[in-house]
Amino acid sequence: MATDPTAACAPAAGEAIDLRSDTVTAPTPDMYEAIARARLGDDGLDGDPTARELEDVTAGLLGKQAGVYFPSATMANLAAIMAQAGRQEIVLAQEDSHIYCAERGGAGLSGVFYAPLPGNDGAMDTGRLHEALAANRSKLRTAVVCLENSHNSAGGTVLPLAYMEQVAGMAHQAGAVVHLDGARLFNAATYLQVPAKAIADHCDTVAVCLSKGLSAPMGAVLVGESATMAKARALRRALGGNQRQVGIAAAAGLVAIRVMTARLGEDHASAARLSAGLRQIPALRVSMPQTNIVLVDTAGTGQAAQAWAALLRQRGVLVRPWGQSSLRCVTHRHIGLADVDKAAAIFARIAMTGPGQGG
Ligand SMILES: *Cc1c(COP(=O)(O)O)cnc(C)c1O
């Protein structure tokens, strides 16, 4: 039994400082232990006991009636939408949201229309939301309003609880439900210093990703009312998402949800330190992170994000271009404060060499 339940499986010496995503996190020693001991069944036949436990624990934690374990948050989001929106109904989502930008291909399966709404810091403009919902009386019906908390592309920003309450009120009054893409729900809860349930309370369904900062190797859980979850479970089968001895993965998911949620503040502290370090470099414009994502605007350096990413990679720092002149840096449990300082120093060295230099 590992003594430190959140101990890193140490990356090999000399490995890069990998800030591309919190999805790169490896399972913890406790997860491997739980996997070895997991009680298993056939989840496509009569149920896997460990998957059932994960579904029940997550639903209980978030104050919902039931849960369904999915192979990915993408599939959980799609099933949530298909369970609650009919063909030719509308799903509203903030224009930079993961559901709108990265998952809209699901419309080809669902026949649901995805409509984007503008808005800052990951929050859709409530005036535009009001207009869109008012059309419910005369035009195609909006069935689902999607929120994302924390918001990935906005740089890990957190929606305030009062905003979520307002959106839920508007949606419900128009006869629509609220689905939360909570891929990083526990990062948002950590920032707000509230139990995750306080966020989930404003949503009808919530999808949580277990394989981001929570470090499980795979999987997501969707929670909501029992009747909706029964539909989602049937949709999971239709989408090819039923797995067999899936307790292998769910066992790691249980460690993720029970243990790993408690340490996300460390990732937020690393992100804050990275941001502070990078803000010392005058040519960069750097976001002030609320959670574990830092956005770096490289326009002032005369070099595009792709060029920056290549120069950083040569020096052992991995980041993701996030648009023409923006880089996304994500902290996670394999990134310590020393790594953050080293990464900031490497950014500074590249900035000093100037455009077109370095190699
Ligand atoms: C990663 C992510 C997803 C998709 O999660 P997968 O488990 O990789 O399918 C959905 N929404 C947001 C906001 C994400 O960051």
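See the structure above.
Residues numbered from 1 in each chain as written. Predicted model: local features only at pLDDT ≥ 70, side-chain atom pairs only at ≥ 80, totals over all residues. Heavy atoms only, no water.

(A) The site of the ligand, seen in detail. In the neighbourhood of the ligand, 13 residues make up the surrounding shell, with Ala73, Thr74, Asp181, Arg184 and Lys212 lying closest. Here an oxygen atom of the ligand and a side-chain polar atom of Thr74 are 2.6 Å apart. For the ligand, an oxygen atom lies 2.8 Å from a polar atom in the side chain of Lys212. Protein chains bury 86% of the 380 Å² of accessible surface belonging to the ligand in isolation. Judged by the proximity of its atoms to the pocket grid, the ligand belongs to the largest pocket. The element contributing the most residues to the shell around the ligand is helix α3 (residues 73-84), with three residues. Here the shell around the ligand is built from residues that sort into three nonpolar, five polar and five charged. (Near = heavy atom within 4 Å. Polar contact = N/O pair within 3.5 Å; in protein donor to acceptor, adjacent residues only side chain to side chain. Areas by Shrake-Rupley, 256 points an atom, 1.4 Å probe, with all protein chains shown as cover. 1 Å grid on protein atoms, 1.4 Å probe; cavity = no way out; pocket = protein on both sides within 12 Å on 5 of 7 lines; lining within 4 Å. Sits in = over half its atoms within 2 Å of the grid points. Helix = DSSP H or I, 4+ residues; strand = E, 2+ residues; numbered from the N terminus. Nonpolar A, V, L, I, M, F, W, Y, C, P; charged D, E, K, R; others polar.)

(B) Expanded view of the pairing of strand β5 (residues 142-148). Most of β5 is tucked away: seven of the seven residues are buried. In this structure, strand β3 (residues 90-94) lies alongside β5, joined through three bridges in parallel fashion. Counterpart to Ile90 in the pairing with β5 is Thr142. In the sheet, β5 pairs with strand β6 (residues 177-182) via five bridges, with the strands oriented parallel. Looking across to β6, one finds that Cys146 is bridged to His179. A crossover connection joins β5 to the parallel β6 through helix α7 (residues 161-173); in handedness this β-α-β unit is right-handed. (Buried < 20%, exposed > 50% of the residue type's maximum accessible area, 1.4 Å probe, protein only. Pairing = 2+ DSSP bridges. Right-handed = clockwise from strand over helix to strand, strands pointing away.)

(C) Structural view of the packing of aromatic side chains. All told, the structure shown has one aromatic pair when counted by the stated rule. With centroids separated by 5.6 Å and ring planes inclined at 25 degrees, the aromatic side chains of Trp308 and Phe347 adopt a geometry described as stacked. Taken together, the residues span a long stretch of sequence, with Trp308 in helix α13 (residues 305-314) and Phe347 in helix α14 (residues 337-353) at a distance of 39 residues. Judged by its relative accessible area of 0%, Trp308 is buried. (Phe/Tyr/Trp six-rings, centres within 6.5 Å; stacked < 30°, edge-to-face > 60°.)

(D) Region of interest: the sheet that holds strand β13 (residues 326-330). Taking strand neighbours across the sheet as the criterion, the four strands line up as β9-β10-β13-β12 in an open arrangement whose pairing is antiparallel. Since the sheet does not close on itself, it has two edges, and those belong to β9 (285-286) and β12 (320-321), each with one partner. Pairing between β9 and strand β10 (residues 293-297): two bridges, direction antiparallel. Note that in β10 the partner of Val286 across the bridge is Val296. Its contacts with the sheet place helix α12 (residues 264-278) against β9, β10 and β13, and it is angled at close to 15 degrees to β10. (Contact = heavy atoms within 4.5 Å. Axes fitted to C-alpha atoms, helices over the stretch in contact; angles between N-to-C directions.)

(E) Just the nonpolar core, in detail. Counting residues in each nonpolar core, the largest one holds 52 residues, and the members touching the most others are Leu62, Tyr69, Val145, Leu147, Val206 and Leu210. It is helix α11 (residues 247-258) that contributes the most residues to this core, seven residues altogether. Not counting residues up to four positions away in its chain, the partners in contact with Leu210 are Leu54, Tyr69, Ser215, Ala216, Met218, Gly219, Ala220, Val221, Gly253, Ala256 and Ile257. Counting 26 residues, the second-largest nonpolar core is a separate cluster that includes Leu19, Leu278, Leu327 and Phe347. (Core = buried A, V, L, I, M, F, W, Y, C linked by side-chain atoms within 4.5 Å.)

(F) Main features of the environment of Val317. By the secondary structure assignment, Val317 is in strand β11 (residues 317-318). Considering only alpha carbons, one finds Val317 and Val340, 23 residues apart in sequence, at a separation of 10.0 Å. When neighbours within four sequence positions are excluded, Val317 is seen to be in contact with Ile17, Leu19, Leu312, Ala343 and Ile346.

(G) How the structure looks around empty space enclosed by the protein. Scanning the model with the defined rule gives one cavity of 30 Å³ or more in all. In this structure, the largest cavity spans a volume of roughly 30 Å³. Around the largest cavity sit Ala183, Arg184, Leu185, Phe186, Asn187, Cys209, Lys212, Gly213 and Leu214, which together line it. Considering every element that reaches the lining of the largest cavity, the biggest residue donor is helix α8 (residues 185-192), with three residues. Along the lines of polarity and charge, the residues of the lining of the largest cavity split into five nonpolar, two polar and two charged. (Points joined across faces, edges and corners; volume = space filled by probe spheres on them.)

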